[in-house]
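# Coordinate analysis (summary)
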Amino acid sequence: MIREATKQDIAGLAQLMGELGYPTDINEMEYRLSNILSNNAYQTYVYEENEKLLGMIGMILCYRFEKCESYIRVVAFVVNSELRGKGIGSMLLEEAEKWAKKQGAKMVTLNSGNRIERNDAHQYYIRRGFEGKATGFYKQLD
């Protein structure tokens, strides 16, 4: 079942962040989720089965400077590694696209690391209609 995330999902979301490659403890996830849930520009959906979170997608509504349109940026997207390929990710992505359309967004974007372990994810995104168009640059601030 897909539903909106709540504060009761903190432990499950922390576990899924680890699956995504970002080990997270419950205190960190509680801090992050409280900020996200209090901001209406964010939306987070989870896939739950038998009271266990098996996947999640988190996104934010963004506005463009160069055009008069908005877009949705997926900032976190993960399915439990033991259940990938079973359609959970596709269901979550479809729900994200519905939310994007409801917000009037014209596009969905996401970043995915250029690491070898992300190759399967990249192929999945291409099959779902995404195009690899940009190069990301990051700078850590002190």
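The structure contained in this document is the topic of the report that follows. (Residues numbered from 1 in each chain as written. Predicted model: local features only at pLDDT ≥ 70, side-chain atom pairs only at ≥ 80, totals over all residues. Heavy atoms only, no water.)

### With respect to the pairing of strand S2 (residues 42-49)
- As judged from the three bridges shared by strand S1 (residues 2-4) and S2, these two strands associate in the antiparallel manner. Each bridged residue has a counterpart across the sheet, and for Glu4 the counterpart in S2 is Tyr45.
- Sheet analysis places S2 next to strand S3 (residues 52-63), joined by eight bridges and oriented antiparallel. Bridged to Tyr45 within S3 is Ile57.
- With antiparallel pairing between neighbouring strands as the criterion, S2 and S3 make up a hairpin whose turn holds two residues, including Asn50 at a positive phi of roughly 55°. (Pairing = 2+ DSSP bridges. Helix = DSSP H or I, 4+ residues; strand = E, 2+ residues; numbered from the N terminus.)

### Comments concerning helix H1 (residues 10-19)
- Along H1, the residues classified as buried are Ile10, Leu13, Ala14, Leu16 and Met17. An end-on view of H1 places all buried positions within 165° of arc, on one side of the element.
- Once H1 ends, the next one or two residues include Gly21, with phi positive near 105°. (Buried < 20%, exposed > 50% of the residue type's maximum accessible area, 1.4 Å probe, protein only. Arc of directions from axis to C-beta.)

### Points about the pattern of salt bridges
- Within this structure, the stated rule accounts for eight salt bridges.
- A salt bridge links Glu48 to Arg3; the nearest nitrogen and oxygen atoms lie 3.1 Å apart. Residue Glu48 is found in strand S2, and its partner Arg3 is found in strand S1; the two are separated by 45 residues along the sequence.
- Within this structure, Arg3, Asp9 and Glu48 form a network of salt bridges that share partners. (Salt bridge = Lys/Arg side-chain N within 4 Å of Asp/Glu carboxyl O.)

### Overview of the packing of aromatic side chains
- Scanning the entire structure with this criterion turns up four aromatic pairs.
- Where Phe77 meets Tyr125, the ring centres are 6.3 Å apart and the plane angle is 35°; that geometry is what we call tilted. In this pair, Phe77 sits in strand S4 (residues 70-79) while Tyr125 sits in helix H4 (residues 119-127), placing the two residues 48 residues apart along the sequence. The residues Phe77 and Tyr125 share a single accessibility class, namely buried.
- The exposure class assigned to Tyr125 is buried, which follows from its relative accessible area of 11%.
- Through successive ring pairs, a cluster of aromatic residues spans Phe77, Tyr124, Tyr125 and Phe130. (Phe/Tyr/Trp six-rings, centres within 6.5 Å; stacked < 30°, edge-to-face > 60°.)

### Quick look at helix H2 (residues 26-37)
- In this model H2 runs 16 Å from its N-terminal to its C-terminal C-alpha over twelve residues, within 8% of the 16 Å that 1.5 Å per residue would give.
- A side-chain oxygen of the first residue of H2 lies 3.0 Å from the backbone nitrogen of Asn27; this N-cap is Asp25. (Expected span 1.5 Å × (residues − 1). Polar contact = N/O pair within 3.5 Å; in protein donor to acceptor, adjacent residues only side chain to side chain.)

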